[in-house]
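Here are the chains, one letter per residue:
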Amino acid sequence: MTRQELINQIYRKKSCLSIGLDVDINRIPSHLIEKYDDPVFEFNKQIIDHTMDLCVCYKLNIAFYESIGVEGWSSLAKTLEYIPADIFTIADAKRGDIGNTSKMYARTFFDHMDFDSITVAPYMGVDSVAPFLEFKEKWVILLALTSNVGSRDFQHHTDRKGEALYQKVIRESQTWAESDRMMYVVGATHPEKLKEIRALVPHHFLLIPGVGAQGGTVDEVMKNAHVPDACGLLINSSRGVIYAGDDEDFAKKSRAAAMELQQEMAAYL
Ligand SMILES: O=c1ccn([C@@H]2O[C@H](COP(=O)(O)O)[C@@H](O)[C@H]2O)c(=O)[nH]1
């Protein structure tokens, strides 16, 4: 998907919501487990059916699928197939290795599966990211300032010139080939950093996790990092949307939770 196609969709739906399909088999409503051979896929299918007009992206965190083995990979593939083609998809896999191995990760998520993007850890540097960027219509979403408490352990460390590691990741990665197909992960839990990060990358999309369950708010993100006429944001909520209910009505409750977030976004779009 191109940047412009994503922007068009955001303004058409008045939403920059990414819904995280982080499906924990232990939290799936029991009637799905009893009735379906693939309850994970059925859960996702019903969530997608009830939310696709309210969001512009589905983020599938690969850990939740890998953790249940071969069946998880099959549910992942079926879910990806089911997502309408005009909705942006993220393989939240946080990969990155020596170039030869990154090439294999890239093939997994871009060739074998057809995700629009993948999250990549920057720690191993340019040659670990380049193989993902070789796929011309695909996006790399580089971890910059993550939403967890441990982000302070390394990412906030400053060098002698006073530049923090997350700032260096953003600045330096901008010099890499094909960096226009890069987005950055920035946690909603650092609202005080959003303006400064936006100034570093005024034309790039930021993927913002950490809204809802982790304490970040849509309003603070939109106020500090939204770009007029381009939006430049994908704001993700996983548990807050998909586990809004736990009974037969779960998908309707997810829709209500997604709509609440979408309406907060619409005020800015
Ligand atoms: O810095 C990061 C990077 C990724 N994530 C992922 O986003 C979702 C958040 O889930 P919630 O239930 O909305 O808290 C999840 O897949 C994380 O692995 C993140 O939270 N922070």
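Criteria and cut-off values
- Starting afresh in each chain, residues are numbered from 1 along the sequence in its written order.
- Side-chain atom pairs in this predicted model are given and counted only at pLDDT of 80 or more, local residue features only at pLDDT of at least 70, and totals for whole chains, interfaces and linings cover all residues.
- As a rule here, side-chain values cover all heavy atoms of the structure and leave hydrogens and water aside.
- UniProt positions are given in the numbering used here, feature names are shortened, and annotations may be inferred rather than shown by experiment.
- Buried means the residue's accessible area, taken with a 1.4 Å probe over protein chains only, is under 20% of the maximum for its type, while exposed means over 50%, and partly exposed covers the values in between.
- Helical segments are the DSSP runs of H or I of at least four residues, strand segments are the runs of E of at least two, and each set is numbered from the N terminus.
- A clockwise course of the path from the first strand over the helix to the second, judged with the strands pointing away from the viewer, identifies a crossover as right-handed.
- Pairing between strands requires that DSSP locate at least two bridges from one strand to the other.
- Each residue is tested against the molecule or strand, and it is near if at least one of its non-hydrogen atoms lies within 4 Å.
- Whenever a nitrogen or oxygen atom comes within 3.5 Å of another N or O atom, the pair is scored as a polar contact, on the condition that within protein one atom can donate a hydrogen and the other can accept it, and that pairs from neighbouring residues in sequence are kept only if both atoms are in side chains.
- Each accessible area value is a Shrake-Rupley result obtained with a 1.4 Å probe; residue values ignore everything except the protein chains displayed when judging cover.
- Charged means Asp, Glu, Lys or Arg here, nonpolar means Ala, Val, Leu, Ile, Met, Phe, Trp, Tyr, Cys or Pro, and polar covers whatever is left, Gly included.
- Fitting a line to C-alpha atoms yields each axis, with helices limited to the stretch in contact; the angle taken between N-to-C directions then spans 0 to 180 degrees.
- Put simply, angles under 35 degrees are roughly parallel, angles over 145 are roughly antiparallel, angles from 65 to 115 are roughly perpendicular, and the rest are oblique.
- Working rule for handedness: look at the near helix, and if it is turned counterclockwise from the far one by less than a right angle, call the crossing left-handed; if clockwise, right-handed.
- In what follows, residue pairs with any heavy atoms lying within 4.5 Å of each other are defined as contacts.

- Per an unreviewed UniProt entry, the recorded name for the chain is Orotidine-5'-phosphate decarboxylase, and the organism is Membranihabitans marinus.
- Taken verbatim from the UniProt record of the chain, the Sequence similarities (unreviewed entry) comment is "Belongs to the OMP decarboxylase family. Type 2 subfamily."
- Per UniProt, the chain has the following entry under Catalytic activity (unreviewed entry): "orotidine 5'-phosphate + H(+) = UMP + CO2".

**A few points about the pairing of strand S5 (residues 139-145)**
Alright, step 1. Burial of S5 is extensive: 7 of the 7 residues sit out of reach of the surface.
Alright, step 2. Note on the crossover from strand S4 (residues 117-120) through helix H7 (residues 126-133) to S5: the handedness is right-handed.
Alright, step 3. Sheet analysis places S5 next to strand S6 (residues 182-186), joined by 5 bridges and oriented parallel. Pairing of Ile 141 across the sheet is with Met 183, part of S6.

**Some words on the pairing of strand S2 (residues 57-61)**
Alright, step 1. Counting buried residues in S2 gives 5 out of 5 residues, a clear majority hidden from the surface.
Alright, step 2. Judged by which residues are buried, S2 turns out to be covered on both faces: Cys 57, Lys 59 and Asn 61 on one side and Tyr 58 and Leu 60 on the other are all buried.
Alright, step 3. Where strand S1 (residues 17-20) and S2 come together, 3 bridges link them in parallel fashion. Considered in S2, the bridge of Ser 18 is made with Cys 57.
Alright, step 4. Bridge count for S2 against strand S3 (residues 88-95) is 5 bridges, and the pairing is parallel. Opposite Tyr 58, over in S3, you have Thr 89 as the bridge partner.

**Considerations on the site of the ligand**
Alright, step 1. Taken together, 15 residues lie around the ligand, and Asp 22, Asn 61, Ser 147, Gln 214 and Arg 239 are the ones closest in.
Alright, step 2. Residue Ser 238 places a main-chain N or O atom 2.9 Å away from an oxygen atom belonging to the ligand.
Alright, step 3. Burial of the ligand by the protein amounts to 87% of the accessible area it has alone, namely 470 Å².
Alright, step 4. For the shell around the ligand, the secondary structure elements donating two or more residues are S2, S3 and strand S8 (233-237).
Alright, step 5. The class makeup of the residues in the shell around the ligand is 3 nonpolar, 7 polar and 5 charged.

**Details of the packing of helix H11 (residues 218-225) against helix H13 (residues 250-266)**
Alright, step 1. Taken N-terminus to C-terminus, the directions of H11 and H13 make an angle of 30°; their axes are 10 Å apart at the nearest point. Taken together, H11 and H13 sit at an angle that is classed as roughly parallel. Judged by the sense of rotation from one axis to the other, the crossing of H11 with H13 is right-handed. Contact residues: H11 offers Val 218, Asp 219 and Met 222, while H13 offers Leu 261, Glu 264 and Met 265.
Alright, step 2. Of the residues belonging to the contact of H11 with H13, the class tally is 4 nonpolar, no polar and 2 charged.

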